[in-house]
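What follows is each chain in one-letter form.
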Amino acid sequence: FNIVQTALDLTVQNTKKMYVLYDDFGKLTLKNVENMKLNLLIDEETGENFDYTSSIDDNTYNKIKLSYENKETGKREIYIAQDSRNINKWGTLQYSDTIDEEENGRAKVNALLSLYNKKTRKLEVKNAIGDIRVRAGSSVVVMLNLGDVVIKNFMMVEKVKHTFNENHHTMNLSLRGGEFGV
């Protein structure tokens, strides 16, 4: 599982494509999250309650610095990508790492900036109308007014808990991602 997780992490960093590995009733399945979108709407009427947080304290970086020790030249090669607009708003939030010889430093630094140069947003929806197709990794349409921001886009399900009571099915969803509109 460590090897698979490393491969999934490198895929996201270098291609900006996210895959999910899950157990599909006894069969290991690897799917691109783009193929896991559901035509399910979460809004004020389908969810009973929600909790929303927005932060730059966790997994948000507006400057990426990667270094490579070139043994042939004896010099360190540095790759930097940054967003000056967000640096002016939030200050410098730097991510530093080293890369191997076979990695494309320029492509990786730009992919990481694209991935991490945004606020981390989390949304938890309580007691939404249940749908058994929903699992971690799937995406649902969310249309909610959260006060300071209005969401009208797909968000990925990070965690789901289904509850079945007689003829009533509800689910609690932990959602993340999505572009937030005004």
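Anything mentioned here points back to the structure above.
Owing to the predicted nature of the structure, the values given are computational and were not obtained by experimental measurement.

**Some details on the sheet that holds strand β6 (residues 75-82)**
Pairing between the strands of a sheet is mediated by backbone hydrogen bonds and can be parallel or antiparallel. Taken in spatial order, the three strands line up as β6-β5-β7 in an open sheet, and their pairing is mixed. For this open sheet the edge positions go to β6 and β7 (94-98), each flanked by a neighbour on one side alone. With strand direction ignored, the average angle separating the axes of adjacent strands in the sheet is 15°. Across five bridges, the pairing between strand β5 (residues 63-70) and β7 is parallel. Within β7, the residue paired with leucine 66 across the bridge is aspartate 97. Seen against the sheet, helix α3 (residues 105-116) touches β5, β6 and β7 and runs at an angle of roughly 30° to β6.

**Examining α3**
Taking 1.5 Å per residue as the helical rise, α3 with its twelve residues ought to reach 16 Å, and the 16 Å between its terminal C-alpha atoms agrees with that figure. Listing the buried residues of α3 in full gives Gly105, Lys108, Val109, Ala111, Leu112, Leu113 and Tyr116. Among the structural elements, α1 (2-15), β5, β6 and β7 are those in contact with the buried residues of α3. Backbone nitrogen of arginine 106 and a side-chain oxygen of the N-cap are separated by 3.2 Å at the start of α3; the cap is asparagine 104.

**With respect to α1**
The terminal C-alpha atoms of α1 lie 20 Å apart, and with 14 residues this matches the ideal 20 Å at 1.5 Å per residue to within 8%. Leu8, Val12 and Gln13 are the residues of α1 that are buried. One side of α1 holds all its buried residues, which, seen down the axis, span an arc of 130°. Where α1 is buried, its residues meet β1 (19-23), β2 (28-32) and α3. One or two positions beyond α1, positive phi appears at lysine 16, with a value near 65°.

**Looking at the packing of aromatic side chains**
The tally for this structure, following the rule as stated, stands at three aromatic pairs. Ring pairs connect the aromatic residues Tyr61, Tyr95 and Tyr116, which therefore count as one cluster. A cation over an aromatic ring shows up here: lysine 37 above the ring of phenylalanine 154, its NZ or CZ 4.7 Å from the ring centre.

**A closer look at unusual backbone geometry**
Glycine aside, negative phi is the norm for most residues, and most peptide bonds take the trans geometry. With a phi close to 55°, phenylalanine 25 is a non-glycine residue in the positive phi region. For phenylalanine 25, the position within the fold is in the loop between β1 and β2. Residues other than glycine seldom take positive phi values, yet asparagine 59 does so here, at roughly 60°. As for its placement among the helices and strands, asparagine 59 is situated in the loop between β4 (49-55) and β5.

**Notes on the environment of leucine 173**
One can find leucine 173 in strand β11 (residues 168-176). Since its relative accessible area comes to 2%, leucine 173 is described here as buried. Residues leucine 173 and valine 125, 48 residues apart in the sequence, show an inter-C-alpha distance of 5.1 Å. For leucine 173, the residues in contact, after removing those within four places along its chain, are Ile42, Leu123, Glu124, Val125, Val134, Val157, Lys159 and Val160.

**A closer look at a negative patch on the surface**
A contiguous patch of negative charge on the surface is contributed by Glu72, Asp100, Glu101 and Glu102. Mapped onto the fold, glutamate 72 is located in the loop between β5 and β6.

**So, the sheet that holds strand β3 (residues 37-42)**
Spatially, the six strands line up as an open sheet ordered β3-β9-β10-β11-β8-β4, and their pairing is mixed. The sheet terminates laterally at β3 and β4, the two strands that pair on one side only. For this sheet, the mean inter-axis angle between neighbouring strands, taken without regard to orientation, is 30°. Two strands pair when backbone bridges link them, and strand β9 (residues 139-145) and strand β10 (residues 150-165) are joined in this way by seven bridges, in the antiparallel orientation. Within the sheet, the bridge partner assigned to leucine 144 lies in β10 and is isoleucine 151.

The rules behind each value
Residues numbered from 1 in each chain as written. Predicted model: local features only at pLDDT ≥ 70, side-chain atom pairs only at ≥ 80, totals over all residues. Heavy atoms only, no water. Pairing = 2+ DSSP bridges. Helix = DSSP H or I, 4+ residues; strand = E, 2+ residues; numbered from the N terminus. Axes fitted to C-alpha atoms, helices over the stretch in contact; angles between N-to-C directions. Contact = heavy atoms within 4.5 Å. Expected span 1.5 Å × (residues − 1). Buried < 20%, exposed > 50% of the residue type's maximum accessible area, 1.4 Å probe, protein only. Polar contact = N/O pair within 3.5 Å; in protein donor to acceptor, adjacent residues only side chain to side chain. Arc of directions from axis to C-beta. Phe/Tyr/Trp six-rings, centres within 6.5 Å; stacked < 30°, edge-to-face > 60°. Lys NZ or Arg CZ within 6 Å of the ring centre and 35° of its normal. Patch = residues over 30% accessible without salt bridge, like charges linked within 9 Å, V, L, I, M, F, W, Y side chains within 5 Å. Areas by Shrake-Rupley, 256 points an atom, 1.4 Å probe, with all protein chains shown as cover. Salt bridge = Lys/Arg side-chain N within 4 Å of Asp/Glu carboxyl O. Lys, Arg positive; Asp, Glu negative; His and termini not counted. Charge placed at Lys NZ, Arg CZ, Asp CG, Glu CD.

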